[in-house]
Amino acid sequence: MGTIHVMPNAIYFERRDEIALIEPYGPNCIRFRSTRNRVISQENWTLLEPHKATDVSTSGDSYRAKLRNGLVEVEVNAGDGWPIFEVTYSNAQTGKTLLRSKEEGDYVTRYDHVAGDLYTVKAIFESNEKEHLYGLGQEQQDYFDRKGCAIELCHRNTKSTIPVLYSSLGYGFLWNNPAPGRCETTKNHTLWCAEQSYQIDYLFFVGETPADLIHTYCELTGYSPRIPEWALGFWQCKLRYESQEDLLEVAREYKRRGIPIDAIVIDYFHWTQQGEWKFDPTYWPDPDAMCEELREMGIEPVVSIWPTINPASENYQKMSESNMLITNENGQYGMFEFYGQQAFFDPTNPETRTFVWERVKENYYQKGIRTFWLDEAEPEFRPQQYKNMRMYAGNGGQTALLYPFYYAKLFYEGLQKEGEKETIALTRAAYIGSQRFAVSVWNGDIPSTFEALRQSIVSGLSMGLCGIAWWNSDIGGFHSGEIESEYFQELIVRWFQFGVFCPIMRLHGSRKRPANFVHRHPDIIEPSGADNEIWSFGERNYPILKQLIELRERLRPYLVTLMEENCKTGAPVMRPMFYEYPEDENCYSLQDQYLFGSDILVAPIYCQGQTMRKVYLPQGSWILTKDGSKHSGGWVEVHATIEEYIAFVKENSTVLEAFGR
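Now for a look at the structure at hand. On a predicted model such as this, the values are computed, not experimentally measured, just so you know. (Residues numbered from 1 in each chain as written. Predicted model: local features only at pLDDT ≥ 70, side-chain atom pairs only at ≥ 80, totals over all residues. Heavy atoms only, no water.)

1. Regarding the environment of Ala429
- Along the polypeptide, Ala429 turns up in the loop between β29 (425-427) and β30 (439-442).
- A relative accessible area of 1% places Ala429 in the buried class.
- Considered as a pair, Ala429 and Asp262 are 167 residues apart in the sequence and their alpha carbons are 24 Å apart.
- Ala429 has contacts with His155, Ser160, Ala377, Glu378, Pro404 and Val441, leaving out every residue within four places of it along the chain. (Helix = DSSP H or I, 4+ residues; strand = E, 2+ residues; numbered from the N terminus. Buried < 20%, exposed > 50% of the residue type's maximum accessible area, 1.4 Å probe, protein only. Contact = heavy atoms within 4.5 Å.)

Dropping the structure here:
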């Protein structure tokens, strides 16, 4: 049956084969932990230590007890002669029930023994068909509202798991467990499962507004630091510039044409060997001079890093013998076949972080590189069998989701040690708290399709709610784009129009090589795709794209204020409509329009051949930027030719000046 023990600041429950601890974790937040082991683990994983909760009270007896912490109250019912353990969360101000645990079978079925003190664990709750649920990181799919979805909790190329959900009922739920697993928000239940865990561990928090919930999440996991102002401009990138001279010629051409450009990216295989993290001198003979010339042009050089390494690397023997590499559970290294069998370095090991940074410092940083693209951040091992993955942090079945967190930590702390105060790193995956290491996540190797453009809107909005305010996508999509086709030339314009109103604006992609493509370096490993500069997509498109980049430049002061707000409050840059208008029920079902800050409403066009779409305007007075017309709240239909984008600005907002209004 079990017994409840009521303490001044916590509730402790015990019965045969299970103990549970329920306690405050910062203001308006309650942490729940339960296990079949005999001791509750104190491991916080990536959580920060909370601020002290000052409005806490407990009451009850051995059968039923309550704990209140500010706006949230939890009631624990151990039954009176019945073998139950029911947990109910409520809004302490209104008394409204928000979430209640659900018994499905015997309670012991929530713990399926794996090995040692590890179990497959499940936390199961009753479903509420009237609520909307948002979060869970980045899924390349169409459902911004996660209600009704079943989602695997893991990282993959295009998929980044951040296991936090926000409910339209006014609560947040953070699954504090880096084990792969799944989340189901279906009609019959809401279920969280970890494949291999010591205990069930989650946090439940309440806020009066969506902004309150995001603020609480960032208090628990960290805020983004100050962003370098140059990062708010236009980033030029392609797969890939094969040599130093190729890259410099593109940079010089942008300057000759008077096009604003703030960053240019040196993508993968510029190196001598995977796992050596240095320029190949055959094609990059003088990185110091290259970086100096770029900075004289006002362009920041960015270098791609991969965490892969193979036995041909000069660093392999040292790293292998010092346990700095991920292996499988039989000690073998080959986990990713790409130009030979590759291992991945293990950033969860502090010794690895020190060793790799010293190599990066010597070969990149001291030559003028201070911004890095952290690719393969999931990591992309094959086959993706987490229980066969061994890291310093433990078996991958228990800890695999931590990889991108420590990968970003390696570079952030290395740069901080060198005195760099404002940094940014592109990365392809993130986890709870990654934002505090200055990451800008992009949604991976997505196709060059209108469907992928539409899904990118959902990805950006979802990641903003999960603390990742510095988000971006490959403008134009990553693969399968044919730059001479009518389809792609329409797509690239519509994607640019979306990219202007993203936190980071970055053109990238591996474009299909046309029949007359000439290889400038025919013997090079991993040759480039077709051209990917804004003059590469047809004469009609060039002035359109140039004007969009110029608009981005005029929006820079506004972006600076949004980023300042983010690092203080956690407010996302791309905001769901309900973030600013939580009382408007219409806003909870909108996933293809959003607010860029509080003053700009963006409605991207994401279908081939589309020139008209409906837009919902919340209460107030809005100016359509393309013609200066004034509109009040409600649905409007807006026409936009290929040269036009759809954006509204609040009347009397100073940002109207950026649009010439």
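Once you've had a look at it, read on.
2. What to know about the side chain of Arg428
- Note that Arg428 resides in the loop between β29 and β30.
- A polar contact is formed between the side chain of Arg428 and the side chain of Asp375, at a distance of 3.4 Å.
- A polar contact is formed between the side chain of Arg428 and the side chain of Glu380, at a distance of 3.1 Å.
- What Arg428 contacts, discounting residues up to four positions off in sequence, is Asn157, Leu374, Asp375, Glu376, Ala377, Glu378, Glu380, Val441, Trp442, Gly444 and Asp445. (Polar contact = N/O pair within 3.5 Å; in protein donor to acceptor, adjacent residues only side chain to side chain.)

3. Quick notes on the environment of Ile261
- With respect to the element layout, Ile261 can be found in the loop between α2 (244-256) and β20 (263-266).
- Separated by 10 residues in the primary sequence, Ile261 and Ala251 place their C-alpha atoms 8.2 Å from one another.

4. With respect to unusual backbone geometry
- At the junction of Glu378 and Pro379, the peptide bond is cis and its omega measures out at -5° in the coordinates.
- With respect to the helices, strands and loops of the structure, Pro379 is situated in the loop between β26 (371-374) and β27 (389-391).
- Following Arg382, the chain continues to Pro383 via a peptide bond in cis, the omega torsion being -5°.
- Here Leu136, not a glycine, exhibits a phi torsion of approximately 70°, which is positive.
- Note on placement: Leu136 falls in the loop between β12 (133-135) and β13 (150-153).

5. Observations concerning the nonpolar core
- If you look at the biggest cluster of nonpolar residues, it comprises 187 residues, and the most contacted ones within it are Phe496, Phe501 and Ile600.
- With sequence-adjacent residues up to four places away left out, Phe501 is seen in contact with Leu551, Arg552, Leu555, Met574, Tyr594, Phe596, Ile600, Val602, Tyr645, Ala647 and Phe659.
- Residues Ile4, Val76, Ala123 and Leu136 belong to the second largest nonpolar core, which totals 42 residues. (Core = buried A, V, L, I, M, F, W, Y, C linked by side-chain atoms within 4.5 Å.)

6. Brief notes about the packing of helix α10 (residues 541-554) against helix α11 (residues 556-569)
- Packing of α10 against α11 brings their axes to within 5 Å, and their N-to-C directions diverge by 50°. One finds that α10 runs oblique with respect to α11. In this structure, α10 contributes Arg552, Glu553 and Arg554 to the contact, and α11 contributes Arg556, Pro557 and Leu559.
- The residue makeup of the contact of α10 with α11, split by class, is two nonpolar, no polar and four charged. (Axes fitted to C-alpha atoms, helices over the stretch in contact; angles between N-to-C directions. Parallel < 35°, antiparallel > 145°, perpendicular 65-115°, else oblique. Nonpolar A, V, L, I, M, F, W, Y, C, P; charged D, E, K, R; others polar.)

7. Structural notes on the sheet that holds strand β14 (residues 164-167)
- If you trace the eight strands from one edge of the open sheet to the other, you get β1-β2-β3-β4-β18-β15-β14-β12, paired in antiparallel fashion. The outermost strands of the open sheet, each flanked by one partner alone, are β1 (3-7) and β12. Pairs of neighbouring strands in the sheet enclose a mean axial angle of 20°, with direction left out of account.
- By the bridge criterion, six bridges tie strand β3 (residues 18-24) to strand β4 (residues 29-35) in an arrangement that is antiparallel. Opposite Ile22, over in β4, you have Phe32 as the bridge partner. (Pairing = 2+ DSSP bridges.)

8. Section: a negative patch on the surface
- Among the surface-exposed residues, Asp286, Asp288, Glu292 and Glu296 lie close enough to one another that they form a single negatively charged patch.
- Position of Glu296 among the secondary structure elements: in helix α3 (residues 287-296). (Patch = residues over 30% accessible without salt bridge, like charges linked within 9 Å, V, L, I, M, F, W, Y side chains within 5 Å. Areas by Shrake-Rupley, 256 points an atom, 1.4 Å probe, with all protein chains shown as cover. Salt bridge = Lys/Arg side-chain N within 4 Å of Asp/Glu carboxyl O. Lys, Arg positive; Asp, Glu negative; His and termini not counted. Charge placed at Lys NZ, Arg CZ, Asp CG, Glu CD.)

9. Remarks on the sheet that holds strand β8 (residues 86-91)
- Here we have five strands laid out as an open sheet, ordered β5-β6-β7-β8-β9, and antiparallel in their pairing. Strands with a single pairing partner mark the edges of an open sheet, and in this sheet they are β5 (56-60) and β9 (97-100). Sheet twist, expressed as the average angle between the axes of neighbouring strands with direction ignored, equals 15°.

10. Observations regarding the pattern of salt bridges
- Inspection of every chain in the model, using the stated rule, returns 44 salt bridges.
- One salt bridge in this structure joins Asp262 and Arg556, with 3.0 Å as the shortest N-O distance. Of this pair, Asp262 sits in the loop between α2 and β20 while Arg556 sits in helix α11, and the two are 294 residues apart along the sequence.
- For Arg556, a relative accessible area of 10% translates into the label buried.
- One salt-bridge network, in which partners are shared between bridges, spans Glu245, Glu249, Arg252, Glu253, Arg256, Arg257 and Glu293.

11. Quick notes on the packing of aromatic side chains
- Evaluation of the coordinates by the stated rule reveals 58 aromatic pairs.
- For the ring pair Phe173 and Tyr202, a centre distance of 4.7 Å and an interplane angle of 25° mean the geometry is stacked. Residue Phe173 is found in strand β15 (residues 171-175), and its partner Tyr202 is found in strand β18 (residues 200-206); the two are separated by 29 residues along the sequence. The pair formed by Phe173 and Tyr202 is uniform in burial state, with each residue classed as buried.
- An angle of 90° between the planes, with centres 5.2 Å apart, marks the rings of Phe338 and Tyr339 as edge-to-face. (Phe/Tyr/Trp six-rings, centres within 6.5 Å; stacked < 30°, edge-to-face > 60°.)

12. Structural notes on the side chain of Arg31
- On the secondary structure map, Arg31 appears in strand β4.
- Looking at Arg31, the relative accessible area reads 2%, which means it is buried.
- There is a polar contact of 2.7 Å between the side chain of Arg31 and the side chain of Asn44.

13. Thoughts on helix α7 (residues 403-417)
- Spanning 15 residues, α7 covers 21 Å between terminal C-alpha atoms, matching the ideal 21 Å at 1.5 Å per step.
- The element α7 is largely enclosed, with a buried count of 12 among its 15 residues.
- In this structure, the buried residues of α7 make contact with β21 (300-305), β25 (341-344), α5 (350-363), β26, β27 and β30.
- Trailing α7 by a residue or two, Gly419 shows a phi angle of about 95°, which is positive. (Expected span 1.5 Å × (residues − 1).)

14. Let's talk about the pairing of β4
- β4 sits mainly inside the fold: seven of its seven residues count as buried.
- The two faces of β4 match: Cys29, Arg31, Arg33 and Thr35 on one face and Ile30, Phe32 and Ser34 on the other face are all buried.
- Hairpin remark: β3 followed by β4, antiparallel, with four residues in the connecting loop; positive phi at Gly26, about 85°.
- Bridge analysis of β4 against β18 gives six bridges, and the strand direction is antiparallel. Residue Phe32 lies in a different strand from β18, and its bridge partner there is Tyr202.

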